[in-house]
Amino acid sequence: MARQLDEQIAGRFPVGQRLRVLDVGMGQGTQALRLARAGHQVTGVEQDARMVAAARQALAAEPEGVRARVRLIEGDGRDTGVHFLPGSFDVVLCHGVLMYVEDPDALLAGLARMLAPGGLLSLLVRNADGLAMRPGLAGDWVGALGAFDSTQYTNRLGLDVRADRLGTLTATLAGIGAPLHAWYGVRVFTDQAADAAAVPERGELQTLLAAEERAGRTEPYRRVAALLHLCGVRG
Ligand SMILES: C[S@@+](CC[C@H](N)C(=O)[O-])C[C@H]1O[C@@H](n2cnc3c(N)ncnc32)[C@H](O)[C@@H]1O
């Protein structure tokens, strides 16, 4: 996913340009810190105080130059209009957040407003079109049958959350002035891996990542990926 994002950034902005990045629902700040290390000016917004604290701790371990480029805000991603002026960012990330939001259209419209013309909106969402894959491959036939016509699922934390369909989000992005520019599947082959499974050794990990990367860009595999990475561009 990071590689896909870097590819999209490289394809849109001149090399070396310091981009203004907004990461909504940044969690522990993994992407925010990675992009700050790459030289960008990053603002993270996160509603969970424990996550903000974890991100602050991780940031404190970074060199001064990186720390100076990161701003962390505890708040709701639906309230970006309270904190920032429209058009203030070149890149807006919203990764792994939409599943927790009841009215995604309002959140997305607010995020699109934050983008400068030509800016990139990067979304990572649970793929509702592939929801039957996880129960089906696990032999849970009742679960698989129930998943075909649903956008609700129970995540690994046991929370009842929402998935999104590619077609619906494509229409939403067009409607909010940030039409879909590219999309990828994420976790095509590895969604079944148990959370506690050992990370493969380096050589095998590289091959696994290469296979995932290829599947995430290839029809028809990407359509049933566990997650979708959608990139919209502000017109
Ligand atoms: C699954 S984590 C993803 C973290 C990070 N973006 C990543 O990709 O690793 C989802 C995060 O979104 C945050 N979140 C959910 N709804 C939010 C909202 N309305 N505003 C801000 N943060 C939110 C949660 O607190 C959580 O930290």
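None of these values were measured; they are calculated from a predicted model. (Residues numbered from 1 in each chain as written. Predicted model: local features only at pLDDT ≥ 70, side-chain atom pairs only at ≥ 80, totals over all residues. Heavy atoms only, no water.)

### Some words on unusual backbone geometry
So, point 1. Along the chain, Glu-219 connects to Pro-220 via a cis peptide bond; the corresponding omega equals 0°.
So, point 2. Here Pro-220 lies in the loop between α10 (202-216) and β9 (227-233).
So, point 3. Phi at Arg-187 is positive, roughly 65°, even though this residue is not glycine.
So, point 4. The exposure class assigned to Arg-187 is partly exposed, which follows from its relative accessible area of 35%. (Helix = DSSP H or I, 4+ residues; strand = E, 2+ residues; numbered from the N terminus. Buried < 20%, exposed > 50% of the residue type's maximum accessible area, 1.4 Å probe, protein only.)

### As for the pattern of salt bridges
So, point 1. Applying the stated criterion to the full structure yields 15 salt bridges.
So, point 2. The closest approach of N and O atoms between Arg-34 and Asp-6, which form a salt bridge, is 2.9 Å. Residue Arg-34 is located in helix α2 (residues 30-37), and its partner Asp-6 is located in helix α1 (residues 2-12); the two are separated by 28 residues in the primary sequence.
So, point 3. Since its relative accessible area comes to 23%, Arg-34 is described here as partly exposed.
So, point 4. Its salt-bridge partner being Arg-50, residue Asp-48 comes within 2.9 Å of it at the nearest N-O pair. (Salt bridge = Lys/Arg side-chain N within 4 Å of Asp/Glu carboxyl O.)

### Thoughts on the layout of surface pockets
So, point 1. Empty space within the second largest pocket amounts to approximately 220 Å³.
So, point 2. Ile-9, Gly-16, Gln-17, Ala-38 and His-40 are the residues nearest the centre of the second largest pocket, which is lined by 15 residues in total.
So, point 3. Sorting the residues of the lining of the second largest pocket by element identifies α1 and α2 as the ones contributing at least two each.
So, point 4. Residue composition of the lining of the second largest pocket, by class: 8 nonpolar, 4 polar and 3 charged. (1 Å grid on protein atoms, 1.4 Å probe; cavity = no way out; pocket = protein on both sides within 12 Å on 5 of 7 lines; lining within 4 Å. Points joined across faces, edges and corners; volume = space filled by probe spheres on them. Nonpolar A, V, L, I, M, F, W, Y, C, P; charged D, E, K, R; others polar.)

### Details of the nonpolar core
So, point 1. Core analysis: the biggest nonpolar cluster contains 29 residues, and Leu-22, Val-92, Leu-123 and Leu-230 have the highest contact counts within it.
So, point 2. Elements with a contribution of two residues or more to this core: β1 (20-24), β4 (89-95), α6 (104-114), β5 (115-126), α9 (166-175) and β9.
So, point 3. Per-element tally for this core: the top contributor is α6, with 6 residues.
So, point 4. Discounting residues that sit within four places of it in the chain, Leu-123 has contacts with Cys-94, His-95, Leu-108, Leu-173, Leu-228, His-229 and Leu-230.
So, point 5. Grouped together as the second largest cluster of nonpolar side chains are 24 residues, Leu-19, Ala-32, Ala-36 and Leu-93 included. (Core = buried A, V, L, I, M, F, W, Y, C linked by side-chain atoms within 4.5 Å. Contact = heavy atoms within 4.5 Å.)

### Side note on the side chain of Arg-126
So, point 1. As for its position among the elements, Arg-126 is in strand β5.
So, point 2. The buried category is assigned to Arg-126, whose relative accessible area is 5%.

### Quick notes on the packing of aromatic side chains
So, point 1. Per the stated rule, a full pass over the model turns up 2 aromatic pairs.
So, point 2. Aromatic side chains Phe-84 and Phe-89 sit 5.1 Å apart centroid to centroid with 90° between the ring planes, which places their arrangement in the edge-to-face category. In this pair, the class of Phe-84 matches that of Phe-89, namely buried.
So, point 3. Relative to Tyr-221, the ring of Phe-189 lies with its centre 6.4 Å away and its plane at 65°, an arrangement referred to as edge-to-face. Here Phe-189 is found in the loop between β8 (180-186) and α10, whereas its partner Tyr-221 is found in the loop between α10 and β9, with 32 residues between them in sequence.
So, point 4. Using a relative accessible area of 43% as the deciding quantity, one classes Tyr-221 as partly exposed.
So, point 5. The ring of Tyr-153 carries Arg-126 above its face, with NZ or CZ at 4.9 Å from the centroid. (Phe/Tyr/Trp six-rings, centres within 6.5 Å; stacked < 30°, edge-to-face > 60°. Lys NZ or Arg CZ within 6 Å of the ring centre and 35° of its normal.)

Don't take any of this as a statement about function, it's just geometry.
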